[in-house]
Amino acid sequence: MGGEMSMAGAGAAGGAGGAGAAGGAGAAGGAGGEAGDVGAAGDGASAAGSGSGGAGRSILIENIGLLVTHDAGRPERSGAAIVIENGRVAWVGDSTGAPDADERIDAGGRCAIPGFVDSHSHLVFAGDRAAEFEARMAGRRYEAGGIRSTVAATRAASDAQLLAGARRLLGEMRAQGTTTVEIKSGYGLTVADESRILSLARTLTAETTYLGAHVVPAEYIGRRDDYVALVKGEMLDACAPHSRWIDVFVDEGAFTVDEARSILTAGIARGLGARVHAGQLAVSGGVRLAVELGSASVDHCTYLADADVEALAGSAGAVSQDSGGTGGVPRGAGGTGGAADVAGVGAVWAGTVATLLPGVEFSTRSPYPDARRLLEAGVQVALASDCNPGSSYTSSMPFCIALAVREMGMTAAEAVRAATLGGAQALRRTDIGHLRVGAAGDIVLLDAPSYVHLAYRPGVPLVHSVIVSSTQ
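Everything quoted here is computed from the prediction, not taken from an experiment.

We now examine the nonpolar core. What tends to happen in soluble globular proteins is that the nonpolar side chains get buried as a cluster. In this structure, Leu383 and Tyr451 are the most contacted members of the largest nonpolar core, which totals 92 residues. When sequence neighbours within four positions are dropped, the list of residues in contact with Leu383 reads Val117, Leu356, Pro358, Met397, Cys400, Ile401, Ala404, Met408, Met410, Ala415, Ala418 and Ala419. The next biggest cluster of nonpolar side chains, apart from the first, holds 18 residues, and it includes Ile82, Val92, Ala439 and Ile443.

Below, the structure written as structure tokens:
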């Protein structure tokens, strides 16, 4: 999601590529590029040679009322400025001491935060399930079977129709401050359709997830074993070249723990990172399976046993150096940081993140996850939209932040962190989700003096502009 550095006003942001270049700054380092080291220069932090060394331009954003960087020592700054050079944060400090740059942007006292990292979405689909939503609001309980109606519509759609729909949703996301998005398959459920969904998604983001194990399609009812064999065999062979991740929906009406283990281990053997849907409809062994297999994230986590929370908290003890920026790391790799620590630039969070999806609970009139329980146990938490046509048809991370604060026991600071740095950790990315020196210069300027307004003024379009430097 993105390309060369661009700046889009909220009214103009659209499409995967954003708006035109602001100041002609050089392209950001690729999704797999390593971030630079953190250094200090006087009151501000800077990186010597953190850019590509080319002739890219620099941009200074000054007069920032409140800047959120997620720096471990000083996560927020008042009266701040930030310099982006060659697509990377090159300097952070007080606005009064800011260095010169090729272009200057006056933030006008606005709050600046990292771009949102939406680590769970299903954007490539066709059809509409408004009738299902209306029925659910009248009292019908959501069940996984509703996915099959989207599968039928998606199979019937052309590539052009699917791509147009995904680009429309990406435009909505960008206008609301999302600068990185993960996209899952799961609405094809044939070898050809899952492969084409992922090949289309790969044109929009590097964070693509193979979800052939979303539900058992209608033509395989009564032949579950045959479908599981397909998912971890021929379908995996076709989809792995277009995927970074593999995911399984472990819940009532979906897949069992044993089925999920066999599918995930097959994907891991092919070099894919693991992700898991679990705990949306009931307590299952899916959360503990995710931890057992070293999954980057387990998503939903609405229904959790004490043993699930303990397993997630116990997974949070590894922060290890990454050799490739976006690659996963072996579970249990070196490092001693806990859930309260912030992995530095160049280090990857190696535990299993609990990714909470409050749009689902809003749209299905279900109990919300207890984020406070997770945070107090030391679990790393992310927020994501789960944008999909059935159970969470929202593309708005600000909306999810407001729900997390209102319904899930999170402070505004915790919710913003979960929607930015937490999402990056759920993708095992070190270059996004924060604004420390060396990070991608993905910045959201809010028409507000503080990020608290994201929850305080729900539903209000507070994103003034979005600066995108990363390539995804």
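With respect to burial, strand S21 (residues 463-468) is a largely interior element, five of its six residues being buried. Bridging between strand S20 (residues 443-446) and S21 involves four bridges; their strand directions are antiparallel. Across the sheet, residue Val444 finds its bridge partner in S21, namely Val466.

In this structure, Gly285 sits in the loop between strand S14 (273-278) and helix H8 (286-292). When the C-alpha positions of Gly285 and Ala305 are compared, they lie 9.3 Å apart, and in sequence the two are 20 residues distant.

Both strand S4 (residues 58-68) and strand S5 (residues 76-85) contribute to a ladder of eight bridges, which runs antiparallel. Pairing of Ile64 across the sheet is with Ala80, part of S5. Here S5 folds back onto strand S6 (residues 88-94) in antiparallel fashion, the turn holding two residues, of which Asn86 has a positive phi close to 55 degrees.

Here the focus is the packing of aromatic side chains. For any two aromatic rings, the description comes down to two numbers: the centre-to-centre distance and the angle of the planes. Scanning the entire structure with this criterion turns up five aromatic pairs. Geometrically, the ring pair formed by Tyr220 and Tyr227 is tilted, given 5.2 Å between the ring centres and 55 degrees between the ring planes. Judged by relative accessible area, which is 16%, Tyr220 ranks as buried. Among the aromatic side chains, those forming a connected cluster through ring pairs are Phe125, Tyr187 and Tyr393. In this arrangement the basic side chain of Arg223 is found over the ring face of Tyr220, its NZ or CZ atom lying 4.3 Å from the centre. The ring of Phe255 has Arg224 lying over it, and the distance from NZ or CZ to the ring centre is 5.6 Å.

Relative to the assigned elements, Glu414 resides in helix H13 (residues 412-419). Excluding its chain neighbours within four sequence positions, the residues that come into contact with Glu414 are Arg372, Leu375 and Gly409. Among the polar contacts made by the side chain of Glu414, one reaches the main-chain amide nitrogen of Thr411 at a distance of 2.9 Å.

Time to look at helix H9 (residues 306-314). If you check which residues of H9 are buried, you get Asp308, Val309, Ala311 and Leu312. One face of H9 carries all of its buried residues, which in axial projection span an arc of 160 degrees. Set apart from the buried face of H9 by more than 90 degrees, the exposed residues are Asp306, Glu310 and Gly314. Tucked into the core, H9 has its buried residues touching H8, strand S15 (297-300), strand S18 (353-356) and helix H11 (371-376).

Moving on, we come to helix H12 (residues 397-407). Taken together, the buried positions of H12 are Met397, Pro398, Cys400, Ile401, Ala402, Leu403 and Ala404. Here H12 starts with a cap whose side-chain oxygen sits 3.0 Å from the backbone nitrogen of Phe399, and that cap is Ser396. Remark: Gly409 follows H12 within two positions and exhibits a positive phi of approximately 80 degrees.

About the cut-offs
- Residues numbered from 1 in each chain as written.
- Predicted model: local features only at pLDDT ≥ 70, side-chain atom pairs only at ≥ 80, totals over all residues.
- Heavy atoms only, no water.
- Core = buried A, V, L, I, M, F, W, Y, C linked by side-chain atoms within 4.5 Å.
- Buried < 20%, exposed > 50% of the residue type's maximum accessible area, 1.4 Å probe, protein only.
- Contact = heavy atoms within 4.5 Å.
- Helix = DSSP H or I, 4+ residues; strand = E, 2+ residues; numbered from the N terminus.
- Pairing = 2+ DSSP bridges.
- Phe/Tyr/Trp six-rings, centres within 6.5 Å; stacked < 30°, edge-to-face > 60°.
- Lys NZ or Arg CZ within 6 Å of the ring centre and 35° of its normal.
- Polar contact = N/O pair within 3.5 Å; in protein donor to acceptor, adjacent residues only side chain to side chain.
- Arc of directions from axis to C-beta.

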